[in-house]
Amino acid sequence: MRVCLATRHADADFAPLALLYLKAALIDQLQVRDDDVAILEFPGSTSACDIAERILLHDPDVVGLSCYVWNVNAFRTVCRLVKARRPGTLIVLGGPEVGPVADAALAANPAADVIVRSEGERPFAAVVSRWAENRDLAGVAGITYRDGAAIRENADAPIVTDLNELASPHLTLDTDLTGRSVCIETQRGCVFRCNFCFYNKDLSIRNRRFDLDRVEAEIDHWLQQDIRELYLMDPIFNLNAARAREICRFIAARNQRRVGVHAEV
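All residue numbers refer to position in the chain's written sequence, counted from 1. Reporting of local features is limited, given that this is a predicted model, to residues whose pLDDT is at least 70; pairs of side-chain atoms are given and counted only at 80 or more, and all residues count toward the totals for whole chains, interfaces and linings. Side-chain measures were taken over the full set of non-hydrogen atoms in the model, leaving aside hydrogen atoms and water.

Chemist: How do you make sense of the packing of aromatic side chains when you look at a structure like this?
Modeler: For any pair of aromatic rings, the description rests on two quantities: the centre-to-centre distance and the angle between the ring planes. Aromatic rings from Phe, Tyr and Trp, taking only the six-membered ring of Trp, are treated as a pair when their centres fall within 6.5 Å; an angle between ring planes under 30 degrees marks them as stacked, one over 60 as edge-to-face, and anything in between as tilted. Under the definition given, this model contains 2 aromatic pairs. Ring plane angle 85 degrees and centroid distance 5.0 Å describe the contact between F14 and Y231, whose orientation is recorded as edge-to-face. Within this pair, whereas F14 is found in the loop between β1 (3-8) and α1 (17-30), its partner Y231 is found in strand β11 (residues 229-232), the two being separated by 217 residues in sequence. Per-residue accessibility, obtained with a 1.4 Å probe over protein chains only, is compared with the maximum for each type, and a residue is labelled buried under 20%, exposed over 50%, and partly exposed between these values. Judged by its relative accessible area of 22%, F14 is partly exposed. A run of DSSP states H or I qualifies as a helix once it reaches four residues; a run of E qualifies as a strand once it reaches two. Both are numbered from the N-terminal end.

What follows is the structure, encoded as structure tokens:
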């Protein structure tokens, strides 16, 4: 089973954190080989035709596309081109531009097969597992999928209440991010409901945190590498001020390379 995960960046300096989490989940949950999961990254100027050609070179059984406002239109064309050349490939979309509007997104994109509606680590692994075993997708929670001419919406996936159950892409994958911005989550979710923001509006658990030991191990790993910046992806890094201070002190004590640090507060 060959899986190809792809994104087209708004800023190619940033590591593809979502795709790295998906790859780590496939290796951890399905014991797939590292070499069987390709991550492809493209700068914003890359055409849909070039993206599709690169994907097809990997001869994938499953393609996962990470959709954001800056790439979703191009990925509609990518889906069509990949499906035309390799009709047996399962094309799975995820991300904020498709998850909350999954029915409409599938209806508008007949070449796409599945949309993961929220956090993807467990639903995507379940989709890949069932596809590898030639089983239908009716039992996979958290997805909307194409079933012949019909579009079916399965029940929501259970929220991962303990984030530490998710494999760490930072500590389990051998990823070269030299000279780039490394994205790390110390928590997921936001307690606020600002109208301008599209971040996790529908989750019943508003905020979950990775264990501090894990966060510090991930940060320490990257501070030993030749990276440009440590980018803390939390929507509100200082939601717990004492925890934020502890993380900042940890970074200050180990940041011998004087790597830049970014956080949103």
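Chemist: Please explain helix α5 (residues 121-132) as it appears in this structure.
Modeler: Count 3.6 residues to each turn of an α-helix, and residues three or four apart come out pointing the same way. Expected span, for any helix, means 1.5 Å times one less than how many residues it has. End to end, α5 covers 17 Å across 12 residues, agreeing with the expected 16 Å (1.5 Å per residue, within 8%). Taken as a whole, α5 has its buried residues at E121, P123, F124, A125, V127, V128 and R130. Note on α5: the residue one or two positions beyond its end, N134, has a positive phi of about 55 degrees.

Chemist: How do you make sense of the packing of α1 against α5 when you look at a structure like this?
Modeler: For any two helices packed against each other, the geometry comes down to the angle between their axes and how far apart the axes lie. Here an angle of 0 to 180 degrees is reported between the N-to-C directions of two axes, which are lines fitted to C-alpha atoms, with helices fitted over the stretch in contact. Where α1 contacts α5, the two axes come as close as 9 Å, and the packing angle between them is 55 degrees. The angle between α1 and α5 places the two elements in the oblique class. Here the hand of the crossing between α1 and α5 comes out right-handed. Between α1, through Y21, L22, A25, L26, Q29 and L30, and α5, the contact on the second element is made entirely by E121, R122, F124, A125, V128 and S129. Gly counts as polar in this scheme, as do all residues outside two lists: the nonpolar Ala, Val, Leu, Ile, Met, Phe, Trp, Tyr, Cys and Pro, and the charged Asp, Glu, Lys and Arg. Here the contact of α1 with α5 is composed, by residue class, of 8 nonpolar, 2 polar and 2 charged. For classification purposes, angles smaller than 35 degrees are called roughly parallel, those larger than 145 roughly antiparallel, those between 65 and 115 roughly perpendicular, and all remaining angles oblique. By definition, any crossing whose near helix is turned counterclockwise from its far helix by less than a right angle is left-handed, and any crossing with a clockwise turn is right-handed. For this analysis, residues touch if any pair of their heavy atoms sits within 4.5 Å.

Chemist: Even after reading the chapter, I still don't get the side chain of H170, so can you show me in this structure?
Modeler: Within the secondary structure, H170 sits in helix α6 (residues 169-172). According to the relative accessible area criterion, H170 is buried, its value standing at 4%. Under the rule applied, a polar contact is a pair of N or O atoms within 3.5 Å (in protein, one hydrogen donor and one hydrogen acceptor; residues adjacent in sequence only if both atoms are side-chain atoms). Here the side chain of H170 touches C183 through a polar contact of 3.5 Å, landing on its backbone oxygen. Dropping the residues within four chain positions of it, H170 is found in contact with L17, V182, C183, I184, E218, H221 and W222.

Chemist: When you look at the pattern of salt bridges in this model, what are you seeing that I'm missing?
Modeler: Opposite charge on two side chains permits them to pair, given that their charged atoms come into close proximity. Here a salt bridge means any side-chain nitrogen of Lys or Arg lying within 4 Å of a carboxyl oxygen belonging to Asp or Glu. On inspection of all chains with the given rule, the structure shows 20 salt bridges. When the shortest N-O distance is used, the salt bridge between R135 and E133 registers 2.8 Å. A relative accessible area of 41% places R135 in the partly exposed class. The class for E133 is partly exposed, based on a relative accessible area of 45%. Taking the shortest distance from any N to any O, the salt bridge between D147 and R152 comes out at 2.7 Å. For D147, a relative accessible area of 36% gives the class partly exposed. Taken together, the salt bridges that share partners define one network made up of E119, E121, E185, R188 and R208.

Chemist: What should I look at first to understand the pairing of strand β3 (residues 62-66) in this one?
Modeler: Moving residue by residue along a regular strand, the side chains alternate between the two faces of the sheet. Among the 5 residues in β3, 5 count as buried, and that is most of the element. Residues V62, G64 and S66 point to one face of β3 and V63 and L65 to the other, with burial holding for every one of them. One requirement defines pairing of two strands: DSSP has to find at least two bridges between them. Across 4 bridges, β1 lies against β3 in parallel orientation. Looking at β3, one finds that C4 is bridged to V63. Examined bridge by bridge, β3 and strand β4 (residues 90-94) share 5 bridges and lie parallel to one another. Within the sheet, the bridge partner assigned to G64 lies in β4 and is V92. Here is how to tell: hold the view so the strands point away, follow the path from the first strand over the helix to the second, and if it runs clockwise the crossover is right-handed. In this view, the connection linking β3 to its parallel neighbour β4 by way of helix α3 (residues 72-85) has right-handed handedness.

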